[in-house]
Amino acid sequence: QVQLVESGGGLVQAGGSLRLSCAASGSILRINDMGWYRQAPGKQRELVAIITSGGSTNYADSVKGRFTISRDNVKNTVYLQMNSLKPEDTAVYYCNADIKRWGSLTSNDYWGQGTQVTVSS
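Residues numbered from 1 in each chain as written. Predicted model: local features only at pLDDT ≥ 70, side-chain atom pairs only at ≥ 80, totals over all residues. Heavy atoms only, no water.

## Section: the sheet that holds strand E7 (residues 67-72)
- Here we have 4 strands laid out as an open sheet, ordered E1-E3-E8-E7, and antiparallel in their pairing. Only two strands of the sheet have a single neighbouring strand rather than two, namely strand E1 (2-7) and E7. Direction aside, the axes of adjacent strands within the sheet are offset by 15 degrees on average.
- Across 6 bridges, the pairing between strand E3 (residues 18-26) and strand E8 (residues 77-82) is antiparallel. Of the residues in E8, the one forming a bridge with Leu20 is Leu80. (Pairing = 2+ DSSP bridges. Helix = DSSP H or I, 4+ residues; strand = E, 2+ residues; numbered from the N terminus. Axes fitted to C-alpha atoms, helices over the stretch in contact; angles between N-to-C directions.)

## Concerning the environment of Cys22
- As for its placement among the helices and strands, Cys22 is situated in strand E3.
- Judged by its relative accessible area of 0%, Cys22 is buried.
- A sequence separation of 72 residues divides Cys22 from Tyr94, and the C-alpha atoms of the two residues are 8.9 Å apart.
- Not counting the four nearest positions on each side in its chain, Cys22 is found in contact with Leu4, Val5, Glu6, Trp36, Asn76, Thr77, Val78 and Cys95. (Buried < 20%, exposed > 50% of the residue type's maximum accessible area, 1.4 Å probe, protein only. Contact = heavy atoms within 4.5 Å.)

## Comments concerning the packing of aromatic side chains
- Scanning the model with the defined rule gives 1 aromatic pair in all.
- Here the guanidinium or amino end of Arg45 rests over the ring plane of Tyr94, the centre of that ring lying 3.7 Å away.
- Sitting above the plane of the Trp111 ring, Arg45 keeps its charged end 4.7 Å from the centroid. (Phe/Tyr/Trp six-rings, centres within 6.5 Å; stacked < 30°, edge-to-face > 60°. Lys NZ or Arg CZ within 6 Å of the ring centre and 35° of its normal.)

## Focus: unusual backbone geometry
- Although it is not a glycine, Asn76 adopts a positive phi angle of roughly 55 degrees.
- Looking at the element boundaries, Asn76 is found in the loop between E7 and E8.
- Note on Asn76: relative accessible area 22%, which makes it partly exposed.
- At Ser84, a position not held by glycine, the phi torsion is positive, near 50 degrees.
- With respect to the element layout, Ser84 can be found in the loop between E8 and strand E9 (91-101).

What follows is the structure, given as structure tokens:
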């Protein structure tokens, strides 16, 4: 089994910062891409940021220059540093990882349970 456990969400005022963490655990052989997605009420889930195993990153235009994704390959953890938060950043944030388990021929997509981020104006 593989689990992704997120932490770090909460309520913050506009202009503030939050740091999300997501730790993967279980019978993990290798973690490929890791990323963060978000879903606001009434909207589709969207990609926020993604990071490859080699450290290459990609961001949604709406968060470029404000959010930073990073990972610790020893701890199997991905982070999202969110600065200059805006009310429109309010959403449930989900961690995602492409993981190859021991004994598996292929990798699979795994999701965290989601963590609420609320930005007040």
